[in-house]
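What follows is the residue order along each chain.
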Amino acid sequence: RHNQSAKDILMSKAATAGLLRQRPHGVFSFPALTPHFCLLLREELEHFEKSGMPCVPPNTMNKNGLLLHELGMHDKFLNPLL
């Protein structure tokens with residue numbers, strides 16, 4: 001086991017704990033946000049949509065959606081996650 005990288009060890013422990021899933025090969029998923037936080041974020045997005053303020057769609061393929069940086073969440077919220 002001493003030949004494993006720290007990344008491999010961490011991924012193995014996370015997978016064993018049920019936190020990390022791989023599907024398909026090379027694509028990993030894990031819980032990053034709590035269900036309560038997701039609820040609060042959705043509520044905030046709904047408030048913004050009802051405000052009537054201008055909203056730019058995320059891209060030309062989607063008519064629905066919102067760029068979180070329009071709500072001021074980019075610097076203090078999104079950057080630390082990236």
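Each chain has its residues counted from 1, following the order in which its sequence is written. For this predicted model, a pLDDT threshold of at least 70 governs which residues receive local features, and a threshold of 80 or more governs which side-chain atom pairs are given and counted, while totals over whole chains, interfaces and linings are taken from all residues. For the side-chain quantities, the full set of heavy atoms in the structure was used; hydrogens and water were omitted.

**Some words on the overall build of the protein**
Secondary structure assignment for the protein yields three helices and two strands. The helix count covers DSSP runs of H or I at least four residues long, the strand count covers runs of E at least two residues long, and both are numbered beginning at the N terminus. Ordering the α and β elements of the protein from the N terminus gives α-β-β-α-α. To get the radius of gyration, use the C-alpha atoms; to get the globule rule, take the number of residues to the power 0.38 and multiply by 2.2 Å. A globule of 82 residues ought to have a C-alpha radius of gyration of about 12 Å, yet the protein, at 18 Å, is considerably larger. Considered along the principal axes of its C-alpha atoms, the protein spans approximately 55 × 30 × 20 Å.

**Examining a negative patch on the surface**
Only residues whose relative accessible area exceeds 30% and that form no salt bridge enter a patch; like-charged residues are grouped when within 9 Å of one another, and nonpolar side chains (Val, Leu, Ile, Met, Phe, Trp, Tyr) when within 5 Å. To be clear on the numbers: accessible area is Shrake-Rupley with a 1.4 Å probe, and residue cover counts the displayed protein chains and nothing else. Salt bridge, as used here, is a side-chain nitrogen of Lys or Arg placed within 4 Å of a carboxyl oxygen of Asp or Glu. All tallies of charge rest on Lys and Arg as positive and Asp and Glu as negative; His and the ends of each chain are not included. Where a charge lies is defined by one atom per residue type: Lys uses NZ, Arg uses CZ, Asp uses CG and Glu uses CD. Taken together, the side chains of Glu43, Glu44, Glu46 and Glu49 present a region of like negative charge at the surface. Mapped onto the elements, glutamate 43 comes out in helix H2 (residues 35-51).

**Some words on the state of the cysteines**
Here, the word disulfide means a covalent bond between the sulfur atoms of two cysteines. Throughout, disulfides are identified as pairs of cysteine sulfur atoms within 2.5 Å of each other. On inspection of all chains with the given rule, the structure shows zero disulfides. Not part of a disulfide, cysteine 38 finds its nearest cysteine sulfur in cysteine 55, a span of 19 Å. Judged by relative accessible area, cysteine 55 falls into the partly exposed class, the value being 36%. For every residue, the accessible area obtained with a 1.4 Å probe (protein chains only) is divided by the maximum for its type, and the residue is called buried under 20%, exposed over 50%, and partly exposed between those limits.

Treat this as a map of the structure, not an account of what it does.
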